[in-house]
Amino acid sequence: MDVKPPFNKTYYYRPNYLLPAIFSRNTIDGVYKNLDIRDDDTFLVTYAKSGTAWTNEMLKAILHVDDLEYLESVEFYKKLATLEFGPADHPDLVEENVFCPKSFIEDFIRDTPSPRVLSTHVLPEYMPTQFFQKKPKTLFVSRNPKDAVVSLYHWHHSIPFLSPCPWELLCEEYIKGNTVCGAVWDFYKKWSMYKQESWMLWLTFEDMKADPKQAIRKIADFIGRPLTEEQLDAVVHATSFKVMKERNERAVNPEFFFPKGHKSGESGKDEETKPKAQWQRKGQVGGWKNTFTVAQSEAFDKVYKEQMKGYEDVMYQF
């Protein structure tokens, strides 16, 4: 008997591994699994709501440091969507007319000139076949899981391909490991197996926020694109949260995920449309304290500590 997911617009890719419906099973099993990886591809691996958009923008700014206007020219969704996206073939998405007729790979990635930045939220066992053969440069960014789930809660309320849900339900299911992208501890434990590999750079969102210039320097050196001090300062400015948010709020999305004419950065509902996307909200560290109750925090801590035994090197302390 099929187990019903706790949220609309989600499905179990396999038992106990919940994904958003926009991460199409057909895509993951097809064009994603069979993706041709180029020698100069850079992968960005993150759990959901863990600094993906910001880090993606950093990588693109480093690669295009001599022409930072590039960040203005690329359509917003092409900079931020992960490889698993699309098409919107799940019944919940079809019912609500979420427009995404192709996979992101077919719509954009295949024809993107090198060097490419390829973002993903999946577990290592579902990566493209060529990933562990070619071992491309891979940046992994971790984030305090309590901050990540608070951000995920707001994502549920602002993105057309997820459904609003009460905070109490989301927190309860998160503690069970039953929210989109699966149990957060499984994600970090499985990916930590590759933390020391020469082709992987493991950073934390918190360290990046504390010293973005140093983070950008590390990333640039890691992908073989070292920057001068002047270039570093330019990339720091171009990828500051304020500048990036303003830039992306000016971007008009095509009809790919969003209603026609929709502008990113808007939130809330009006009489005609579904909730509007707000990909970047605050980008803060420690904001979970304003949302978790004491009881919820203690319940999460108990399960998290049990699950992360033996993986203290990637474990967060609260």
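Relevant structure appears above.
This structure is a prediction, so every number in the text was calculated from the model and none was measured.

Asks: Looking at this model, I keep getting lost on the packing of helix α2 (residues 52-63) against helix α12 (residues 212-222). Mind explaining?
Replies: Geometry of a packed helix pair, given as the angle between the helix axes and the separation of the axes. Two elements in contact, α2 and α12, have axes whose closest approach is 10 Å; the angle formed by their N-to-C orientations is 60°. Classified by the angle their axes make, α2 and α12 are oblique. Here α2 and α12 pass one another in a crossing that is right-handed. Contacts from Trp 54, Met 58, Leu 59 and Ile 62 of α2 reach α12 at Pro 212, Ile 216, Ile 219 and Ala 220.

Asks: Which parts of the structure should I look at to understand the sheet that holds strand β6 (residues 200-204)?
Replies: Adjacent strands of a sheet form backbone hydrogen bonds with each other and so pair up, either parallel or antiparallel. If you walk across this open sheet you meet the four strands as β4-β3-β5-β6, and the pairing is parallel. Either end of the sheet is taken by a strand with one partner, and the two such strands are β4 (117-120) and β6. Taken over all neighbouring pairs, the strand axes of this sheet differ in orientation by 20° on average, direction set aside. Note: strand β5 (residues 137-142) against β6, five bridges, orientation parallel. Along β6, the bridge assignment pairs Ser 142 with Thr 204.

Asks: Explanation requested: α2 in the structure shown.
Replies: Residues that lie three or four places apart on an α-helix share one face, since the helix turns once every 3.6 residues. Its 12 residues give α2 an end-to-end C-alpha distance of 17 Å, which sits within 8% of 16 Å, the value for a rise of 1.5 Å per residue. The buried count for α2 comes to 12 of 12 residues, which makes it a mostly enclosed element. Within α2, burial applies to Thr 52, Ala 53, Trp 54, Thr 55, Asn 56, Glu 57, Met 58, Leu 59, Lys 60, Ala 61, Ile 62 and Leu 63.

Asks: I would appreciate a short explanation of the packing of helix α8 (residues 145-156) against helix α9 (residues 167-175) in the present structure.
Replies: The interhelical angle for the contact between α8 and α9, taken along N-to-C directions, is 135°, at an axis separation of 10 Å. Relative to α9, the element α8 lies oblique. Taken as a pair, α8 and α9 cross one another with a handedness that is right-handed. Contacts from Pro 145, Ala 148, Val 149, Val 150, Leu 152, Tyr 153 and His 156 in α8 reach Trp 167, Leu 170 and Tyr 174 in α9. For the contact of α8 with α9, the per-class residue count stands at nine nonpolar, one polar and no charged.

Asks: I would appreciate a short explanation of the pattern of salt bridges in the present structure.
Replies: Should their charged atoms come close, side chains of opposite charge can pair. In total, this model carries 14 salt bridges according to the counting rule given. Ionic pairing is found between Glu 229 and Arg 217, a salt bridge with its closest N-O pair at 3.1 Å. Placement of the pair is Glu 229 in helix α13 (residues 229-238) and Arg 217 in helix α12, with a sequence separation of 12 residues. On the basis of relative accessibility, which here comes to 28%, the residue Arg 217 falls in the partly exposed class. Taken together, the salt bridges that share partners define one network made up of Lys 213, Arg 217, Glu 229 and Asp 233.

Quick notes on the rules
- Residues numbered from 1 in each chain as written.
- Predicted model: local features only at pLDDT ≥ 70, side-chain atom pairs only at ≥ 80, totals over all residues.
- Heavy atoms only, no water.
- Axes fitted to C-alpha atoms, helices over the stretch in contact; angles between N-to-C directions.
- Helix = DSSP H or I, 4+ residues; strand = E, 2+ residues; numbered from the N terminus.
- Parallel < 35°, antiparallel > 145°, perpendicular 65-115°, else oblique.
- Left-handed = near helix turned anticlockwise from the far one by under 90°.
- Contact = heavy atoms within 4.5 Å.
- Pairing = 2+ DSSP bridges.
- Expected span 1.5 Å × (residues − 1).
- Buried < 20%, exposed > 50% of the residue type's maximum accessible area, 1.4 Å probe, protein only.
- Nonpolar A, V, L, I, M, F, W, Y, C, P; charged D, E, K, R; others polar.
- Salt bridge = Lys/Arg side-chain N within 4 Å of Asp/Glu carboxyl O.

None of this, on its own, says anything about what the molecule does.
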